[in-house]
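In case you want the letters, here they are:
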Amino acid sequence: MRSGNIRVIVVDDSALVRSLLSEIINRQGDMECIGTASDPLIAREMIRELNPDVITLDVEMPRMDGIDFLGRLMRLRPMPVVMISTLTERGAEVTMRALELGAVDFVAKPRVGLASGLNELASQIVDKIRVAAVAQVRRLPAAAAASAGASTHGQSAGGSRAAPAALAAPTLLGRLSTEKIICIGASTGGTEAIREVLVHLPADAPAIAITQHMPPGFTTSFAARLNSLCQITVKEAVHGERILPGHAYIAPGGRQFSLARSGANYVAVVDDGPPVNRHKPSVEVLFKSAAAIVGRNAFGIMLTGMGADGAAAMREMKDAGSYNYVQDEASCIVFGMPREAIAHGAADEVLPLTQIAPALLARLRGAGDRVHHRI
């Protein structure tokens, strides 16, 4: 056994997937597959005995659903988990639940050409295992595990809007919210961080443009999930549509998303542009457009994620007059993107995740008060 390496257990009911993943992992100089399990009950004993650094976990398995197992694991023995998802609508919905429960990230395996497809994804798989190995994983409260686990068997991610009454926020000045745009960038750990910000915003909040690193096929479920939880309307961005207050627009997976002006209106630009900083969608693309188009009417928010995507453009936003919030290290799953934004001098405030929405709302209301005083 090689010392100092990332020790991985692969949990998957497919013998082929177990073989392919263990081979991909063992080809790396900095990690090794120390065991494979065909179902969660075997995996449970293996985890207890071998104490891995990371596990990869199939979403749908016999004897115990991968989500049920993940909920128990994150409640009783939290550890970094990379989900192996399927490129189906059901797979995308279940993956959103897995991220809710505390999975660090996921890889979407192809439905056909499994062997060639997984080998093409090899660099992405090992990159995500490396990120997971250094991620800050938190214990899941028992109630959260139970409710999230149960929800996978109940209402779909596209369910009806049901924002909890406890999260109801006082309304803002509608007039003020038409001028402003909030731009959010995130990667690893970002799905839950974005949810934490959006559920605290009132129905007439300024328009919100979001880039979360995510592959095609998953942003639809992500948007539907958020739409069912928030007072604002959350949807995937569509090319050419007006950007309206009370709405959040999520960059579709595998496309670039930026902002443009059409007369007095802001509009969404969704195109098949090349990857930027290896990402598509890229935070850099969204934030650069905000700096050029929105300027001092923009708010920037940089949330948890690996790498440096968006940091330079967030500094451009600040130089153009935007006010920027960056998530602090203690509340991040991975502090890479926020750290880089801070290093670029892009942050006006560095805050714990739970304080970002309240700080933003207080600033917006303060601006509203100033508008009243001038009248």
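Quick notes on the rules
Residues numbered from 1 in each chain as written. Predicted model: local features only at pLDDT ≥ 70, side-chain atom pairs only at ≥ 80, totals over all residues. Heavy atoms only, no water. Pairing = 2+ DSSP bridges. Helix = DSSP H or I, 4+ residues; strand = E, 2+ residues; numbered from the N terminus. Axes fitted to C-alpha atoms, helices over the stretch in contact; angles between N-to-C directions. Contact = heavy atoms within 4.5 Å. Parallel < 35°, antiparallel > 145°, perpendicular 65-115°, else oblique. Left-handed = near helix turned anticlockwise from the far one by under 90°. Nonpolar A, V, L, I, M, F, W, Y, C, P; charged D, E, K, R; others polar. Core = buried A, V, L, I, M, F, W, Y, C linked by side-chain atoms within 4.5 Å. Buried < 20%, exposed > 50% of the residue type's maximum accessible area, 1.4 Å probe, protein only. Right-handed = clockwise from strand over helix to strand, strands pointing away.

Participant: I tried to follow the sheet that holds strand β12 (residues 298-302) on my own but got confused; where do I start?
Facilitator: Sheet strands line up and pair through hydrogen bonds in the backbone, either parallel or antiparallel. Within the open sheet, the seven strands sit side by side as β8-β9-β7-β6-β12-β13-β14. Their pairing is parallel. Edge positions in the sheet fall to β8 (233-236) and β14 (349-351), since each of these pairs with one other strand and no more. Direction aside, neighbouring strands of the sheet carry axes that sit 20 degrees apart on average. Direction of pairing for strand β13 (residues 323-327) relative to β14: parallel, over a ladder of three bridges. From the neighbouring strand, Gln 327 faces β14, where its bridge partner is Leu 351. Relative to β12, helix α12 (residues 311-319) is tilted by about 150 degrees, and along the sheet it contacts β6 (181-186), β12 and β13. Where helix α13 (residues 336-343) meets the sheet, it contacts β6, β12, β13 and β14, and its direction lies at approximately 140 degrees from that of β13.

Participant: Sorry, what's going on with the packing of helix α4 (residues 89-101) against helix α10 (residues 219-229) here?
Facilitator: Each pair of packed helices can be summarised by the angle the axes make with each other and by the distance between the axes. Closest axis-to-axis distance for the α4/α10 pair is 9 Å, and the angle between their directions is 55 degrees. Considering their axes alone, α4 and α10 lie oblique with respect to each other. Every pair of crossing elements has a handedness; the one defined by α4 and α10 is right-handed. Contact residues: Glu 89, Ala 92, Glu 93, Met 96, Arg 97 and Glu 100 in α4; Ser 221, Phe 222 and Arg 225 in α10. Classifying every residue of the contact of α4 with α10 gives three nonpolar, one polar and five charged.

Participant: Honestly, the sheet that holds strand β5 (residues 105-109) in this entry has me stumped. Any pointers?
Facilitator: Ordered in space as β2-β1-β3-β4-β5, the five strands form an open sheet in which the pairing is parallel. Two strands in the sheet have a free side with no partner beyond their single neighbour: β2 (31-37) and β5. When strand polarity is set aside, the average angle formed by the axes of neighbouring strands in this sheet is 25 degrees. Note that strand β1 (residues 6-11) and β2 share six bridges and pair parallel. Bridge pairing links Val 11 to Ala 37 in β2. Those strands touched by helix α6 (residues 122-134) are β1, β2, β3 (54-58), β4 (81-86) and β5, and its axis lies near 165 degrees from that of β5.

Participant: Help me out: how do you make sense of the nonpolar core in this one?
Facilitator: Across soluble globular proteins, nonpolar side chains show a tendency to be buried alongside one another. Grouped together as the largest cluster of nonpolar side chains are 66 residues, with contacts concentrated most on Met 83, Ile 184, Leu 198 and Leu 303. Once residues lying within four places of it in the same chain are set aside, the contact partners of Ile 184 are Ile 194, Val 197, Leu 198, Ile 208, Ala 209, Ile 210, Thr 211, Leu 286, Phe 287, Ile 301 and Leu 303. Grouped together as the second largest cluster of nonpolar side chains are 29 residues, Ala 237, Phe 287, Ala 313 and Met 317 included.

Participant: Looking at this structure, I do not really get the pairing of strand β7 (residues 207-212). What am I missing?
Facilitator: Looking along a regular strand, one sees the side chains alternate between the two faces of the sheet. Across the six residues that make up β7, a large majority, six, are buried. Residues Ala 207, Ala 209 and Thr 211 of β7 are buried on one face, and the alternating residues Ile 208, Ile 210 and Gln 212, pointing to the opposite face, are buried as well. Note that β6 and β7 share six bridges and pair parallel. When the sheet's bridge partners are listed, Cys 183 is paired in β7 with Ala 209. Tracing the backbone out of β6, into helix α9 (residues 190-198) and back to the parallel element β7 gives a crossover that is right-handed. In terms of strand pairing, β7 meets strand β9 (residues 247-250) through three bridges, oriented parallel. Opposite Ala 209, over in β9, you have Tyr 249 as the bridge partner.

Participant: Would you take a moment to explain the packing of α9 against α10 for this structure?
Facilitator: Relative to each other, α9 and α10 sit at 30 degrees, their axes nearing to 10 Å. Taken as axis vectors, α9 and α10 run roughly parallel relative to one another. Where α9 crosses over α10, the two elements pack in a sense that is right-handed. Along the contact surface, α9 presents Thr 191, Ile 194, Arg 195 and Leu 198, while α10 presents Phe 222, Leu 226 and Leu 229. Its residues assigned to classes, the contact of α9 with α10 comprises five nonpolar, one polar and one charged.

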